[in-house]
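A structural walkthrough
So the chains spell out like this:
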Amino acid sequence: MLIVDDDEASRKTAAALLSPGGYEVVFASNGQEALAATHESGVDLVLLDVMMPGLDGLEVCRRIREHSREDYIPIILLTALDGRREVVLGLEAGADDFLSKPVHGAELRARVANLLKVRSYHQLVTTQRDSALATVGELRQQILQADRLATLGTFAAGVSHELNNIAQVLTVAVAELPVEPADPEGMDTRDMLAMATQHVTELARTILRMARPQEDTTLQADVGRTLGEVRDMLRLTGRARHVRLSLELPAAPCLIHANPVHAQQVFLNLLANAADALSGTARPEIKAGVRHAPGGRVDAWVEDNGPGMSEEVLARVFEPFFTTKPAGQGTGLGLPVVKQLVESWGGRLQLHSRQGQGTRVVVEVPAASAPATSSSSVSGPTP
């Protein structure tokens, strides 16, 4: 409660009249002090004398209204004058009430209590308005994302058709390749091409569901095996040749309810993005792994020591078609599709990144089997 009066006795009298209400009271002896108090402290109501030297109460009232348009502060004018003209001027200046001196205590307390209720209601309405505006902003972003996905869907059928044609050619070509001697460090080229062909075939079948993927819950994927397969794919393509890639894999399978090809799609995107981000980084390194977590979850992660992302980029990485890569080198669809696939498994995708401190992506998915306790580590540079 701010009491403004150039007369000290009047200030103390007003404070004494309000004391039964238990209000916290602050004082101002002139208009400038009153304006400073309303700007610096959380004033809930102003009891303002009209007749003051310098800035009078009417001018103070006008300025308070100008500077606190978003925050409604009730103002009661007090004056020794008695006339309709003063009342009209006070109301025109923005006052909520007008009392003549000497003030009756009970009347003052009643009017103060009523105006504080009005202030509380105004604050409630303001909070609800801000919440509604925030909801509108979120809905606007959702509509924008839906529009982008709808644009993607208009040509998804054609892309699916072309991918299916390519997959058929690859299937025939791979079948004609000679069988190579077994490679002790991983799959041979023929097996790798066969797996890549299967990947393309599955993409052709599922690209129409990119905006809202739905998984066959009868299928299971071993995330540890998937990470190993993706590492071998990166070896074959040479995309991560400049990176030291280490995997932390459990001894027992980490099974989730997911299409194995979709699991490959998720971790191929994450590892490839990490490798791309490390271009030009001294001693580039990617650490990836999977483990059984409490609560019947499987947690997998991909972490790099690259340049990281700014808060602005981090806020937009899941927007369809948003990319920081040069034109022709990125579509901006990898992370949005990864996020949708992980959520279709009943899981969630978390991305932690700061500029100069690298990036860590965590995939949390419900497990399809009982957790295992032992684990092993596989590490080494990607040749």
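Okay, so let's go over this structure.

Tallying secondary structure elements over the chain gives eleven helices and 13 strands in all. Per-residue burial for the chain yields a buried fraction of 40% across its 383 residues. Residue pairs in contact within the chain that sit at least 24 positions apart in sequence constitute 69% of those at least 6 positions apart. Summing over all exposed atoms, the chain offers an accessible surface of approximately 20,800 Å²; the carbon and sulfur share of this is 54%.

This brings us to the packing of helix α3 (residues 57-67) against helix α4 (residues 84-93). It is at 8 Å that the axes of α3 and α4 come closest, and there the two elements cross at 20 degrees. Viewed along their axes, α3 and α4 adopt a mutual orientation that is roughly parallel. Once α3 is placed against α4, the crossing between them reads as right-handed. Between α3, through Leu 58, Cys 61, Arg 62 and Arg 65, and α4, the contact on the second element is made entirely by Leu 89, Gly 90 and Ala 93. Taken together, the residues that form the contact of α3 with α4 break down as four nonpolar, one polar and two charged.

Take the packing of aromatic side chains next. What the rule picks out here adds up to zero aromatic pairs. Between the NZ or CZ atom of Lys 339 and the centre of the ring of Phe 318, over which it lies, the distance is 5.8 Å.

Enumeration over the complete set of coordinates arrives at 19 salt bridges. One salt bridge connects Asp 49 with Lys 101, and the closest N-O pair in it is separated by 3.2 Å. Of the two residues, Asp 49 is situated in strand β3 (residues 46-49) and Lys 101 in the loop between β5 (97-100) and α5 (105-154); the sequence distance between them amounts to 52 residues. One network of salt bridges, with partners in common, ties together Asp 5, Asp 49 and Lys 101.

It is worth spelling out the environment of Ala 277 at this point. Along the chain, the position of Ala 277 falls in helix α9 (residues 260-277). On the basis of relative accessible area, Ala 277 is assigned to the partly exposed category, the value being 33%. For the pair Ala 277 and Gly 358, spaced 81 residues apart in the sequence, the C-alpha separation amounts to 9.1 Å.

Looking now at the pairing of strand β4 (residues 75-79). Within β4, five of the five residues are buried, leaving the element largely enclosed by the surrounding structure. On β4, burial covers both faces: Ile 75, Leu 77 and Thr 79 on one face and Ile 76 and Leu 78 on the other are all buried. The pairing of β3 with β4 spans four bridges and is classified as parallel. Note that in β4 the partner of Leu 47 across the bridge is Ile 76. This β-α-β element, β3 to α3 to β4, shows right-handed connectivity. Where β4 lies against β5, four bridges are found, and the strand directions are parallel. The partner of Thr 79 across the bridge, within β5, is Ser 100.

Cut-off values and rules
Residues numbered from 1 in each chain as written. Predicted model: local features only at pLDDT ≥ 70, side-chain atom pairs only at ≥ 80, totals over all residues. Heavy atoms only, no water. Helix = DSSP H or I, 4+ residues; strand = E, 2+ residues; numbered from the N terminus. Buried < 20%, exposed > 50% of the residue type's maximum accessible area, 1.4 Å probe, protein only. Contact = heavy atoms within 4.5 Å. Areas by Shrake-Rupley, 256 points an atom, 1.4 Å probe, with all protein chains shown as cover. Axes fitted to C-alpha atoms, helices over the stretch in contact; angles between N-to-C directions. Parallel < 35°, antiparallel > 145°, perpendicular 65-115°, else oblique. Left-handed = near helix turned anticlockwise from the far one by under 90°. Nonpolar A, V, L, I, M, F, W, Y, C, P; charged D, E, K, R; others polar. Phe/Tyr/Trp six-rings, centres within 6.5 Å; stacked < 30°, edge-to-face > 60°. Lys NZ or Arg CZ within 6 Å of the ring centre and 35° of its normal. Salt bridge = Lys/Arg side-chain N within 4 Å of Asp/Glu carboxyl O. Pairing = 2+ DSSP bridges. Right-handed = clockwise from strand over helix to strand, strands pointing away.

These values are about where atoms sit, not about what they do.
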